[in-house]
Structures are given as C-alpha cells and as structure tokens.
Amino acid sequence: MKTNQTMKIKTAADQIAEILRNDIFSGKFLPGSRLKENEISEWSGISRTPIREAFRILESERLVEITSNKGVQVPIITKKDVEEVYELRILLEPYCIRRFISTIDENHLQEIEDILKKTEYAINQRYYSLYFKCSIDFHGYYILKCQNKLLYSVFSNARNSMRCAQMVLDKNPEFYRKSLNEHKEIVEALRERHPDKCEKLLRQHLEANCQTMKKNLDKFRLQKEM
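Residues numbered from 1 in each chain as written. Predicted model: local features only at pLDDT ≥ 70, side-chain atom pairs only at ≥ 80, totals over all residues. Heavy atoms only, no water.

1. Looking at the overall build of the protein
Next, step 1: Of regular secondary structure, the protein possesses 9 helices and 3 strands.
Next, step 2: Reading the helices (α) and strands (β) of the protein from amino to carboxyl end gives α-β-α-α-β-β-α-α-α-α-α-α.
Next, step 3: What you see for the protein is a C-alpha radius of gyration of 19 Å, in line with the 17 Å of a compact globule of 226 residues.
Next, step 4: Each principal axis of the C-alpha distribution contributes one length, and for the protein these read about 65 × 55 × 35 Å.
Next, step 5: Relative to its full complement of 226 residues, the protein shows a buried share of 44%.
Next, step 6: The long-range fraction of contacts in the protein, counting pairs at least 24 apart against all pairs at least 6 apart in sequence, stands at 74%. (Helix = DSSP H or I, 4+ residues; strand = E, 2+ residues; numbered from the N terminus. Rg over C-alpha atoms; globule rule 2.2 N^0.38 Å. Buried < 20%, exposed > 50% of the residue type's maximum accessible area, 1.4 Å probe, protein only. Contact = heavy atoms within 4.5 Å.)

Here it is in structure tokens:
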C-alpha cells in the first residue's frame, strides 16, 4: 500500500550528532570541552567522515565551535554572552506571550500544564537535564504558538547557547523549585487572560534567571582555575 508519508532515515552523521547533542545537554561535555574525532570514532565504530559531518550539524546549532587551532569544542559561555541572550529574550518573549494570550484556549492551557507536571517530576527525581528541556519547552511553547518561523528560529539559537551553559548551574533543588513556581504563576496569569500581569511575571523570571546564570558562571570559572 502506497503512502504519501515518508520516514526520514537517520544517517550515521545524524546519529552521532544526536548522541553528542544529548551529551552536551546532560553536562557530560561542559563548556570548553573538546570533542576529538579519533576518540568518537573509536567508541562509535564510525569512520571520521560522518563524524566531521556531525560536527558541522552541531556547529549550525551553535552547540560546538570549530577552529583551526582548538579543533572542535563546546563553546565557553561568558557573562557577556548570557547578558546578550537574555536581553534578546526579554525583548522577544513578552511580545510572544501577549500574542499567545490573545488566542489561548483550554487545550493550550492543558498542554502547558503537562509541561509543568513533567518539570516537577524532573525536579523530584533530580533529573536536571530533563528539567532544562522542560524549562525550554515551556518558553518555547508560547513562542511556537505565535506561528512565526523566524521568531522561533531566533529563540532556538538563543536556546542552544543557554543549554550549553545551564549545566554549570548549582544542583540546588531550591533554585529549580523557585523557577517552577514562577512558571506556575505565569500560567495562572495566562488562565486569567491578564496580559500585563503575565508580561510582568515573565520579565521578572527572565531577569532573575540571567543574574543566577552569571553568578554560576563565575563559580564555574573559579573551579576551573583551581
């Protein structure tokens, strides 16, 4: 039986890129870590050509940097980088959430509540890589619902920069619970269809996260220097 739907077959490069992407997101490769072709080829049993293609995929996603002198490494995130990303997010996300609130329905609210439940599960299990994914899914949800591909592309680039840096955050459950509670407050404002309150809570949340991220980058840098 013929079908118009086709399944995308993952190439060796796609598979390696997915493994390395997950390793970066889980904190196995922290900012500054180098990825070596020969080591990856040895444990994966894959030749170097697909591995180089995987590196290029990750470079397009801003998850690695490829230079002639340092090879391939996870980008080192600076406080300036964090400030620039959050400046962009504080400009972008309030606009998106206002657009979202004008079209929101009960299905949207249920879907975003499901993200919160998954986030709470991740915190309870101390599964922090899942927590970060859920947190980004939360913010990405209302941006995606704006149905503007360019806006979502900008968010995606900023998202990947932050995923590289998030794994240097302290593994303190209090921070994650505070962040989750702020997400819950934003959802409550969405339920109330209160755009001003929603925007205020979102701005406060992003500004607080920016400060926390910068403090943790300082701690990470000091630990690396010891």
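Alright, that's what it looks like, and here's the rest.
2. Considerations on the environment of Ile143
Next, step 1: Tracing the backbone through its elements, the reader meets Ile143 in helix α6 (residues 128–144).
Next, step 2: Here Ile143 falls in the buried class, since its relative accessible area comes to 0%.
Next, step 3: It is 7.0 Å that separates the C-alpha atoms of Ile143 and Ile97, two residues lying 46 residues apart in sequence.
Next, step 4: When neighbours within four sequence positions are excluded, Ile143 is seen to be in contact with Leu92, Glu93, Cys96, Leu151, Tyr152 and Phe155.

3. Regarding empty space enclosed by the protein
Next, step 1: By the definition in use, this model includes 2 cavities of 30 Å³ or more.
Next, step 2: As a volume, the largest cavity reaches approximately 140 Å³.
Next, step 3: Considering the residues around the largest cavity, the lining is formed by 14 residues, among which Tyr86, Ser135, Gln166, Phe175 and Asn209 are closest to the centre.
Next, step 4: Looking at the lining of the largest cavity, the elements that each hand over two or more residues are α4 (79–101), α6, α8 (173–191) and α9 (195–225).
Next, step 5: At 5 residues, the largest contribution of residues to the lining of the largest cavity is made by α6.
Next, step 6: In terms of residue class, the lining of the largest cavity is made up of 7 nonpolar, 6 polar and 1 charged.
Next, step 7: Residue lining of the second largest cavity: Arg89, Ile136, His139, Phe155, Ala158, Arg159 and Met162, and that is the complete set.
Next, step 8: For the lining of the second largest cavity, the leading source of residues is helix α7 (residues 149–166), giving 4 residues. (1 Å grid on protein atoms, 1.4 Å probe; cavity = no way out; pocket = protein on both sides within 12 Å on 5 of 7 lines; lining within 4 Å. Points joined across faces, edges and corners; volume = space filled by probe spheres on them. Nonpolar A, V, L, I, M, F, W, Y, C, P; charged D, E, K, R; others polar.)

4. A short note on the sheet that holds strand β1 (residues 34–35)
Next, step 1: With antiparallel pairing, the 3 strands of this open sheet are ordered in space as β1-β3-β2. Either end of the sheet is taken by a strand with one partner, and the two such strands are β1 and β2 (65–67).
Next, step 2: In the sheet, β1 pairs with strand β3 (residues 71–73) via 2 bridges, with the strands oriented antiparallel. For Arg34, the partnering residue across the bridge sits in β3 and is Gln73. (Pairing = 2+ DSSP bridges.)

5. Comments concerning the confidence of the model for the protein
Next, step 1: Confidence in the prediction for the protein averages 88 pLDDT; 91% of positions are at 70 or higher.
Next, step 2: Across the protein, the element-wise mean pLDDT spans from 82 in α7 up to 96 in helix α5 (residues 106–124).
Next, step 3: Residue range residues 1–7 is modelled with pLDDT below 50. Its contacts to residues more than four positions away, or to other chains, number 0 contacts. (pLDDT = per-residue confidence, 0-100.)

6. Overview of the pattern of salt bridges
Side-chain pairs of opposite charge can arise where the charged atoms are in close proximity.
Next, step 1: Scanning all chains against the criterion turns up 17 salt bridges.
Next, step 2: One salt bridge connects Arg191 with Glu113, and the closest N-O pair in it is separated by 3.5 Å. A residue pair is termed long-range when its members are at least 10 positions apart, and Arg191 in helix α8 and Glu113 in helix α5 qualify at 78 residues.
Next, step 3: Among the residues examined, Arg191 registers a relative accessible area of 33% and is labelled partly exposed.
Next, step 4: Of the charged contacts in the structure, one is a salt bridge between Lys133 and Asp137, with a shortest N-O distance of 2.8 Å. (Salt bridge = Lys/Arg side-chain N within 4 Å of Asp/Glu carboxyl O.)

7. A look at the packing of α5 against α6
Next, step 1: It is the contact of α5 with α6, at a shortest axis distance of 8 Å, that shows an interaxial angle of 160°. Considered as vectors, α5 and α6 are oriented roughly antiparallel to each other. Judged by the twist between their axes, the crossing of α5 over α6 is left-handed. Only Leu130, Tyr131, Cys134, Asp137, Phe138 and Tyr141 of α6 make contact with α5, whose side of the interface consists of Asn107, His108, Glu111, Ile112, Ile115, Leu116, Lys118, Thr119, Tyr121, Ala122 and Ile123.
Next, step 2: Broken down by class, the residue content of the contact of α5 with α6 amounts to 11 nonpolar, 3 polar and 3 charged. (Axes fitted to C-alpha atoms, helices over the stretch in contact; angles between N-to-C directions. Parallel < 35°, antiparallel > 145°, perpendicular 65-115°, else oblique. Left-handed = near helix turned anticlockwise from the far one by under 90°.)

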